[in-house]
Amino acid sequence: MSQKDRYSPMDTPVRLTTPGQTTSNRVYGILQKHNGGPLEPARILKELGSAQAANITLEEEQLLETLLRDDRLRSTRGYRQRFSLSGRSVRLRPPGNTAEQAIEQENKQVKKQLLEQLREVPPEVFEHIVAALFTAMEYEEVEVTRRSKDGGIDVRATLVAGGVTTVPTSIQVKRWTGRSVTVKEVRELRGTLLPGTQGIIVTTGKYTREAPLEASSNALAPIHLIDGQLLADLLTEHGIGVQASRLSLLSLDLDALATITGKAESSDQDTPSRPSGSTQRRYYIEKMPSDRKGDLVNSIVTMTSLATGQPSWDDYIVNFQQHFPTITRSDEARRRSRVLVSLGLVDIEDGHMNLTLIGRKLLENPDANFLHNIFLSRIAGAQEIEDLALSLKRAELRTRLQTEPPAGLSPTQAALVDKWLRHLKESAPSR
């Protein structure tokens, strides 16, 4: 499926096409330039050129709501959602898995069949279908004109904005096959408009390249254009001529698993339980990718960088084993790579590895102290073991972790957390 098919242009708040870029499409382009993100809303606003220091928080909230609205609209029109919002960051969703691609392709075929059916219905039936659509879009006073006295107008309606502004709307429909609407038809419709009204052309086909430019050339008599693709999208959105079925699509959630189990799936590891009495989500840790002293931070940075560009997890594991050739088994490579999920540097969605905002910050500044702070804030038992290490000698600490590990950790897990902390400390001698 092409990029164009997957990410069709979004429309304006009144759901009609206009030339130019919408905010959501511009954000999509910005994230593409940054390998899919994630980016903070403030960074996106800066690149959009719209951030105002006095209203930055409000603008961020408005931006996030715009992207959520974009995703909701795409979903109702049978497309995959484009954005993933996590906390205060935004990134592009990874390419769809096989099931999602098949569903989107099927939706595309249904819309194609819908347009074929519309081109075969009698003209008066098509006019009533368009009228039903505008009624569903919450236009008021929608009526099909009498064909002998329509003056070229097929449907009349009134757009009511916020219960305050009313805009009389003249709608012309073109049930055309193999012919594009041209500048001529746009000018003819504009010639029928009274002051303070807007015009809309609805076609089952397409427009010539010049038609949208002509439609937007006169702000006093605006003309909006709905082509066949958008018409099918709008009919789908409002359930006219199509039915939507609902089937849950499952995807692996390693983030949730990381809070339940830290077991390395080997016979020498006990199964820990969930930490009790903690309101903050805590994660368990896997074995280190390298046991060489001083090499831990470099290894984590390398592993994190391999997630740039949203690779599939399978592709990521291949690259992981190329960088860490001593880990020859793919199942072991997958276990080791899960440390990135526990540390919050990467998440996995639809079988793709995605950098988080924390992961991007680590790549921008590979600092052992930063990684140490992440470890303390996210890993179960880390802060408690760090506090014990300050008051106990090494032998005493080992005995304590063996006999009285932090709540929720097995002795094996406690020893692993201690090992991580020591390696992180050795990587940051200036602490």
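Computed from a predicted structure; not experimentally measured.

Draft legend 1. Spatial organisation of the packing of helix H15 (residues 357-364) against helix H16 (residues 368-378). Viewed as axis vectors pointing N to C, H15 and H16 meet at an angle of 155°, and their least axial separation amounts to 10 Å. Relative to H16, the element H15 lies roughly antiparallel. Viewed along their axes, H15 and H16 form a crossing whose handedness is left-handed. The segment H15 lies against H16, with Ile358, Lys361 and Leu362 engaging Phe370, Leu371 and Ile374. Taken together, the residues of the contact of H15 with H16 break down into 5 nonpolar, no polar and 1 charged.

Draft legend 2. Expanded view of the pattern of salt bridges. With the rule as written, the count across this model stands at 27 salt bridges. Across the pair Lys111 and Asp233 runs a salt bridge whose closest N-O atoms are separated by 2.7 Å. Of the two residues, Lys111 sits in helix H5 (residues 98-118) while Asp233 sits in helix H9 (residues 228-237), which places them 122 residues apart along the sequence. For Lys111, a relative accessible area of 9% corresponds to the buried category. Its relative accessible area of 3% is what places Asp233 among the buried residues.

Draft legend 3. View of the environment of Glu116. Along the chain, Glu116 falls in helix H5. For Glu116, a relative accessible area of 36% gives the class partly exposed. In sequence terms Glu116 and Thr204 are 88 residues apart; their C-alpha atoms lie 8.6 Å from each other.

Draft legend 4. The sheet that holds strand E3 (residues 140-144), seen in detail. Spatially, the 5 strands line up as an open sheet ordered E3-E4-E5-E6-E7, and their pairing is mixed. Since the sheet does not close on itself, it has two edges, and those belong to E3 and strand E7 (223-226), each with one partner. Between one strand axis and the next, the sheet turns by 25° as a mean value, whatever way the strands run. Two elements, strand E5 (residues 165-174) and strand E6 (residues 198-203), share 6 bridges in a ladder whose sense is parallel. Paired with Thr169 across the strands is Gln198, a residue of E6. Here helix H7 (residues 183-190) sits on the sheet and contacts E5, E6 and E7; the angle it forms with E6, its principal contact strand, is near 145°.

Draft legend 5. Summary view of empty space enclosed by the protein. In total, this model carries 1 cavity of 30 Å³ or more according to the counting rule given. A volume near 40 Å³ is recorded for the largest cavity. Together, Asn35, Gly36, Gly37, Arg91, Ala307, Thr308, Gly309, Gln310, Asn354, Leu355 and Arg360 line the largest cavity. Of the residues that constitute the lining of the largest cavity, the class distribution is 2 nonpolar, 7 polar and 2 charged.

Draft legend 6. Seen up close, the packing of helix H11 (residues 296-305) against helix H19 (residues 411-427). One way to put it is that H11 packs onto H19 with a least axis distance of 8 Å and a crossing angle of 100°. In terms of orientation, H11 and H19 fall into the roughly perpendicular class. Of the residues in H19, those in contact with Leu296, Val297 and Ile300 of H11 are Trp420, His423, Leu424 and Ser427.

Draft legend 7. Spotlight on the confidence of the model for the protein. Looking at the protein as a whole, its pLDDT mean stands at 82, while 85% of the residues score no less than 70. By mean pLDDT, helix H1 (residues 3-6) is the weakest element of the protein at 32, and E6 is the strongest at 94. Every residue in residues 1-20 is under pLDDT 50, and counting partners more than four places away or in other chains gives 60 contacts. Segment residues 262-279: pLDDT under 50, and 41 contacts once partners within four positions in sequence are set aside and those in other chains are kept.

Draft legend 8. How the structure looks around unusual backbone geometry. Along the chain, Gly37 connects to Pro38 via a cis peptide bond; the corresponding omega equals 10°. Relative to the helices and strands, Pro38 resides in the loop between helix H2 (23-33) and helix H3 (41-48). Despite not being glycine, Asn35 shows a phi value in the positive range, around 55°. You will see that Asp350, though not glycine, has its phi angle at about 55°, which is positive. With respect to the helices, strands and loops of the structure, Asp350 is situated in the loop between strand E8 (346-349) and strand E9 (352-355).

Draft legend 9. Quick look at the packing of aromatic side chains. Within this structure, the stated rule accounts for 4 aromatic pairs. Summarising the aromatic geometry, the rings of Phe134 and Tyr139 are spaced 5.0 Å apart at their centres and angled 75° between planes, so their arrangement reads as edge-to-face. For Phe134, a relative accessible area of 0% puts it in the buried group. Relative to Trp420, the ring of Phe375 has its centre 5.5 Å away and its plane inclined at 20°; by these criteria the two rings are stacked. Pair noted here: Phe375 is in helix H16 and Trp420 is in helix H19, with a separation of 45 residues, a long-range link. Judged by relative accessible area, which is 0%, Phe375 ranks as buried. It is Lys111 that lies over the ring of Tyr79; its NZ or CZ is 3.8 Å from the centre.

Draft legend 10. Region of interest: the nonpolar core. Ranked by size, the top nonpolar core spans 49 residues in total, and within it Ile285, Ile300, Tyr316, Leu343, Phe375, Val417 and Trp420 carry the most contacts. Sort the elements by how many residues they give to this core and H19 lands first, with 6 residues. Not counting the four nearest positions on each side in its chain, Val417 is found in contact with Ile285, Phe375, Ile379, Ala380, Gly381, Ala382, Ile385 and Leu409. Among the nonpolar cores identified, the runner-up in size contains 26 residues, and Tyr139, Ile171, Ala232 and Val242 belong to it.

Reading the values: rules and limits
Residues numbered from 1 in each chain as written. Predicted model: local features only at pLDDT ≥ 70, side-chain atom pairs only at ≥ 80, totals over all residues. Heavy atoms only, no water. Axes fitted to C-alpha atoms, helices over the stretch in contact; angles between N-to-C directions. Helix = DSSP H or I, 4+ residues; strand = E, 2+ residues; numbered from the N terminus. Parallel < 35°, antiparallel > 145°, perpendicular 65-115°, else oblique. Left-handed = near helix turned anticlockwise from the far one by under 90°. Contact = heavy atoms within 4.5 Å. Nonpolar A, V, L, I, M, F, W, Y, C, P; charged D, E, K, R; others polar. Salt bridge = Lys/Arg side-chain N within 4 Å of Asp/Glu carboxyl O. Buried < 20%, exposed > 50% of the residue type's maximum accessible area, 1.4 Å probe, protein only. Pairing = 2+ DSSP bridges. 1 Å grid on protein atoms, 1.4 Å probe; cavity = no way out; pocket = protein on both sides within 12 Å on 5 of 7 lines; lining within 4 Å. Points joined across faces, edges and corners; volume = space filled by probe spheres on them. pLDDT = per-residue confidence, 0-100. Phe/Tyr/Trp six-rings, centres within 6.5 Å; stacked < 30°, edge-to-face > 60°. Lys NZ or Arg CZ within 6 Å of the ring centre and 35° of its normal. Core = buried A, V, L, I, M, F, W, Y, C linked by side-chain atoms within 4.5 Å.

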